[in-house]
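Each chain, written out:
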Amino acid sequence: MKRPIAYIAGTGRGLPATVFKNDQFGSIGIETTDEWIVERTGIKQRYIAMKESATDLAAAASRAAMEKAGVHAGELDIVVVGTASPDRLLPSAAVDLQAALGAGRAAAFDVGAACSGFIYGTTVAEGMIATGNADTALVVGVEKLSSIVDWTDRATCVLFGDGAGAAVLKRSKKDSTRGILSTFVRSDGTLGDLLCRPPVTTGHPLAQPQPGATMPQFVKMNGREVFKNAVRSMSEAATRALDAAKMTGADIDLMIPHQANIRIIEATAKHANISMEKVYQNVDRFGNTSAASVPIAFDEAIQKGVVGEGANVLLVAFGAGFTWGSMVVKL
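Residues numbered from 1 in each chain as written. Predicted model: local features only at pLDDT ≥ 70, side-chain atom pairs only at ≥ 80, totals over all residues. Heavy atoms only, no water.

**Student:** I keep staring at the packing of helix α2 (residues 54-69) against helix α3 (residues 93-101) and nothing clicks. Help me out?
**Tutor:** Helix-helix packing: each pair is described by the crossing angle between the helix axes and the interaxial distance. At a minimum axis separation of 10 Å, α2 and α3 run at an interaxial angle of 55°. For the element pair α2 / α3, the angle class is oblique. Every pair of crossing elements has a handedness; the one defined by α2 and α3 is right-handed. Each of T55, A58, A59, S62, R63 and M66 in α2 lies in contact with α3, whose residues at this interface are D96, L97, A100 and L101. Residue classes in the contact of α2 with α3 are distributed as six nonpolar, two polar and two charged. (Axes fitted to C-alpha atoms, helices over the stretch in contact; angles between N-to-C directions. Helix = DSSP H or I, 4+ residues; strand = E, 2+ residues; numbered from the N terminus. Parallel < 35°, antiparallel > 145°, perpendicular 65-115°, else oblique. Left-handed = near helix turned anticlockwise from the far one by under 90°. Contact = heavy atoms within 4.5 Å. Nonpolar A, V, L, I, M, F, W, Y, C, P; charged D, E, K, R; others polar.)

Given below as structure tokens:
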């Protein structure tokens with residue numbers, strides 16, 4: 001087992017004020033029921049950002065994580081944001097967050113790995129700490145998926161929610177066993193069309209859009225194929241992170257999977273030989289918050305005392321791309 005290079009000094013989450021429950025879909029013209037959604041996904045409600053921006057959510061999560069870590073904005077060397085639904089495409093969500101926090105000396109950039117964004121971002125931050133380019137990093141997963149979901153498409157709109165989760169990473173002390181014990185990331189772009197947001201184009205680059213013309217902008221998904229590949233990739237990710245940490249499922253105190261679908265979570269736990277009693281679930285209350293999913297669940301598990309100092313935690317996620325990743329962390 002390698003000596004940890006970085007450890008997680010604090011976590012936090014930021015959530016919108018509005019909760020949208022399954023039985024409210026009828027009010028917007030979606031023909032579905034609470035029973036239908038719960039049976040297929042395990043989701044009972046989700047948070048929707050009616051007034052908050054993605055930056056608002058990211059800043060709230062970041063401030064909570066920084067407070068727990070005892071870190072102020074001026075100490076941050078890098079700010080890494082994983083998101084698929086930023087407030088704007090240019091500049092990056094990370095520099096908007098940097099400005100909101102007043103982290104004037106930090107380098108800030110985004111990581112585009114969809115639901116795996118937090119694990120990808122944390123892996124990048126750990127690498128920058130390892131090379132001496134940073135001592136303190138802020139990694140955030142944030143989504144305002146309500147802004148890119150087709151609210152007339154029952155197959156997708158019932159799945160997603162908004163929110164943010166954050167973690168502060170600091171350089172580990174030489175004699176410490178606390179920190180990130182292993183990481184694993186992979187991708188397969190040949191599966192990109194299974195879950196995507198179609199490109200927005202106007203045809204010829206100099207052409208003006210025709211009056212009344214519409215451009216594709218909403219998430220599209222092949223649910224059956226996404227499910228099959230998600231189970232495969234999450235299972236591989238769990239195995240690879242455990243092997244790299246020289247552990248088995250029996251050594252893990254808690255697994256925190258991407259909260260996309262209860263059936264995917266159950267299949268991943270079974271493959272990793274981890275009892276569902278040691279798997280953290282909040283998909284019923286948050287839905288799929290993409291890059292925010294794992295850090296929100298991680299922060300909630302720590303806050304509730306489900307895991308504490310010395311615990312071995314397995315984080316695992318998959319996302320559009322396809323991307324998938326995992327890490328083992330000792331708290």
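**Student:** I tried to follow the state of the cysteines on my own but got confused; where do I start?
**Tutor:** Here is the idea: a disulfide is a covalent bond, and it sits between the sulfur atoms of two cysteines. Within this structure, the stated rule accounts for zero disulfides. Left unpaired, C115 is separated from the closest cysteine sulfur, that of C196, by 13 Å. Its relative accessible area of 7% is what places C115 among the buried residues. Since its relative accessible area comes to 23%, C196 is described here as partly exposed. (Disulfide = S-S within 2.5 Å. Buried < 20%, exposed > 50% of the residue type's maximum accessible area, 1.4 Å probe, protein only.)

**Student:** Is there a simple way to think about the sheet that holds strand β5 (residues 107-111) in this case?
**Tutor:** The strands that make up a sheet are held in pairs by hydrogen bonds between backbone atoms, and each pair lies either parallel or antiparallel. Spatially, five strands are ordered β1-β7-β6-β4-β5 in an open sheet, and the strand pairing comes out mixed. At either margin of the open sheet sits one strand with a lone partner, and together these are β1 (6-14) and β5. When the angles between neighbouring strand axes are averaged without regard to direction, this sheet yields 20°. When strand β4 (residues 78-82) meets strand β6 (residues 136-144), the two strands line up parallel, connected through five bridges. Bridge assignment links I78 to a residue of β6, and that residue is A137. This element, α3, spans β4, β5 and β6 of the sheet and lies at about 140° to β5. Against the sheet, helix α9 (residues 293-303) contacts β1, β6 and β7 (162-171), and its axis sits at roughly 100° relative to β1. (Pairing = 2+ DSSP bridges.)

**Student:** Any chance you could explain the pattern of salt bridges here in plain terms?
**Tutor:** If charged atoms from side chains of opposite charge come close, those side chains can pair. If you walk through the whole model with that rule in mind, you get nine salt bridges. Across the pair D299 and R13 runs a salt bridge, and its minimum N-O distance is 2.6 Å. Placement of the pair is D299 in helix α9 and R13 in strand β1, with a sequence separation of 286 residues. One salt bridge connects R88 with D96, and the closest N-O pair in it is separated by 2.7 Å. It is possible to trace a salt-bridge network through shared partners that takes in R13, K68 and D299. (Salt bridge = Lys/Arg side-chain N within 4 Å of Asp/Glu carboxyl O.)

**Student:** Just checking my understanding: could you explain the nonpolar core for this structure?
**Tutor:** For soluble globular proteins, the rule of thumb is that nonpolar side chains tend to be buried together. Ranked by internal contacts, the top residues of the largest apolar core, which has 45 residues, are L314, F318, F322 and V328. When contributions to this core are tallied by element, the ones reaching two or more residues are β8 (179-187), α6 (223-244), α7 (262-271), β12 (312-319) and β13 (323-330). Sort the elements by how many residues they give to this core and α6 lands first, with eight residues. If sequence neighbours within four positions are ignored, F318 has contacts with C115, S116, V226, A230, S233, M234, H258, A260, I264, T323 and W324. (Core = buried A, V, L, I, M, F, W, Y, C linked by side-chain atoms within 4.5 Å.)

**Student:** Is there a simple way to explain the side chain of N288 in this structure?
**Tutor:** Tracing the sequence through the fold places N288 in the loop between α8 (283-286) and α9. Polar side-chain contacts of N288 include one of 2.8 Å to the backbone nitrogen of S290. Every residue in contact with N288, bar those within four places of it in the chain, is listed here: I43, C115, L145, L159, F160, G161, H258, Q259 and A260. (Polar contact = N/O pair within 3.5 Å; in protein donor to acceptor, adjacent residues only side chain to side chain.)

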